Every structure is written in C-alpha cells, then in structure tokens.
Amino acid sequence: MFILPQTFYSYIASYCLMNNHFHFQLRSSEVPISKLMALINKRYANYYNTKYRLTGHVFEKRFYDKRIDDKEGMLEVSRYIHLNPVEARMVKLAEYYPWSSYQYYKKDSTVPCFMNVNFLLDYYEGTPTQKREKYCSSVIFQ
C-alpha cells in the first residue's frame, strides 16, 4: 500500500489519477511543494517498482506547480482537475470517474484523512449541503 506521512494529509484539496499522470491541488505552509512532490514520486515509484518488479522512474517528466493566490484560481484549478477525465473522454460526467476527489464533493460521505474539501467548499455560502451543490454545479463540462 502507498502511504504518505501524516504531515502531508491535511493539504490535498482535490486530486485526479489518470492513466499516465496525476493532478494534485494541495496547500503547504510548512513544507516546500518540491519536497512534497519528491516524496510522493519516490514513495510511489518504490511501491510501483516493487509491485511490478521494475526499476527506475515511473513518471517521465518533473511535476509542474503554480502558486494560486485567490478564490477564483483555487476553484478554476479544482474544476480543471475534476474535469480532466471528461476532457479525455474517459467518462461523460466527472462523478462517473472513481479515481478523483470529485466524489467527496458530490455527496456527503466520509472524506479520507488526506483530503480537506473545506478548502474549496468554504468559498461558498450556505449549509454544507448547499455548498456541495454550488461547487458541483460549477464543475460542468462545456
């Protein structure tokens, strides 16, 4: 099983695992993103290479990062991440893709300890259910 250290968990706002890449929207005020990504890539490579009896890099390119400083940017990046499998024509709706965090925004269910959906939901007014509905209505493929 692929496990990250506890210090990382509270930072993931959205994610999507694709066939040949992944997207993370995360926040860190204590640890530089480059160190977190190095740790993630190293741990995953160790897991993957052990499982499939391989060696070397799993991902071809270095990660790309961009600082997001405002509400609009946070919501735009999350929307992009959740719509990635729809854009790739893997599913018709984001809610049909099981390897993304969209499911934790779509329905009120137990959120894994590595997620913090409130980073995004707190940008909306209303009850928790209303916030989820408002967020999900913004994640529509056009």
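Refer to the structure presented above.
Some details on the nonpolar core
Here's step 1: Counting 25 residues, the largest nonpolar core has Tyr 105, Met 115, Leu 120 and Tyr 135 as the members making the most contacts within it.
Here's step 2: Contributions of two or more residues to this core are made by β1 (12-17), α3 (71-87), α4 (102-106), α5 (118-121) and α6 (128-138).
Here's step 3: Examining the composition of this core, we find that five residues originate from one element, α3, more than from any other.
Here's step 4: Core analysis: the second largest hydrophobic core is formed by six residues, Tyr 11, Leu 36, Met 37 and Ile 40 among them.

As for the side chain of Lys 131
Here's step 1: Structurally, the position occupied by Lys 131 is in helix α6.
Here's step 2: Filtering out sequence-adjacent residues up to four positions away, Lys 131 remains in contact with Leu 121, Asp 122, Tyr 124, Glu 125 and Gly 126.

Structural notes on the pattern of salt bridges
Here's step 1: By the definition in use, this model includes four salt bridges.
Here's step 2: Between Asp 69 and Arg 67 there is a salt bridge, with its nearest N and O atoms 2.8 Å apart. Residues Asp 69 and Arg 67 agree in their burial class; the two are exposed.
Here's step 3: Asp 108 is paired through a salt bridge with Arg 132; the nearest N and O atoms lie 3.5 Å apart. Of this pair, Asp 108 sits in the loop between α4 and α5 while Arg 132 sits in helix α6; the two residues are 24 residues apart in sequence, bridging distant segments of the chain.

Focus on the packing of aromatic side chains
Any aromatic ring pair is given by two values, namely how distant the centres are and how the planes are angled relative to each other.
Here's step 1: Inspection of the entire model under this criterion finds ten aromatic pairs.
Here's step 2: Considering the side-chain rings of Phe 22 and Phe 59, the 5.1 Å spacing of their centres and the 70 degrees angle between planes classify their relative orientation as edge-to-face. With Phe 22 in strand β2 (residues 22-26) and Phe 59 in the loop between α2 (33-52) and α3, the pair connects residues that are 37 residues apart, well separated along the chain.
Here's step 3: Take Phe 59: its relative accessible area is 26%, and that puts it in the partly exposed class.
Here's step 4: With a centroid separation of 6.5 Å and 80 degrees between ring planes, the pair formed by Tyr 124 and Tyr 135 is classed as edge-to-face. Of this pair, Tyr 124 sits in the loop between α5 and α6 while Tyr 135 is found in helix α6, placing the two residues eleven residues apart along the sequence.

Quick notes on unusual backbone geometry
Here's step 1: With phi around 55 degrees, Arg 53 is a residue other than glycine that occupies positive phi space.
Here's step 2: Here Arg 53 shows up in the loop between α2 and α3.
Here's step 3: In this structure, Arg 89 is a non-glycine residue whose phi angle is positive, near 60 degrees.
Here's step 4: Here Arg 89 shows up in the loop between α3 and α4.

Cut-offs used in this document
- Residues numbered from 1 in each chain as written.
- Predicted model: local features only at pLDDT ≥ 70, side-chain atom pairs only at ≥ 80, totals over all residues.
- Heavy atoms only, no water.
- Core = buried A, V, L, I, M, F, W, Y, C linked by side-chain atoms within 4.5 Å.
- Buried < 20%, exposed > 50% of the residue type's maximum accessible area, 1.4 Å probe, protein only.
- Helix = DSSP H or I, 4+ residues; strand = E, 2+ residues; numbered from the N terminus.
- Contact = heavy atoms within 4.5 Å.
- Salt bridge = Lys/Arg side-chain N within 4 Å of Asp/Glu carboxyl O.
- Phe/Tyr/Trp six-rings, centres within 6.5 Å; stacked < 30°, edge-to-face > 60°.

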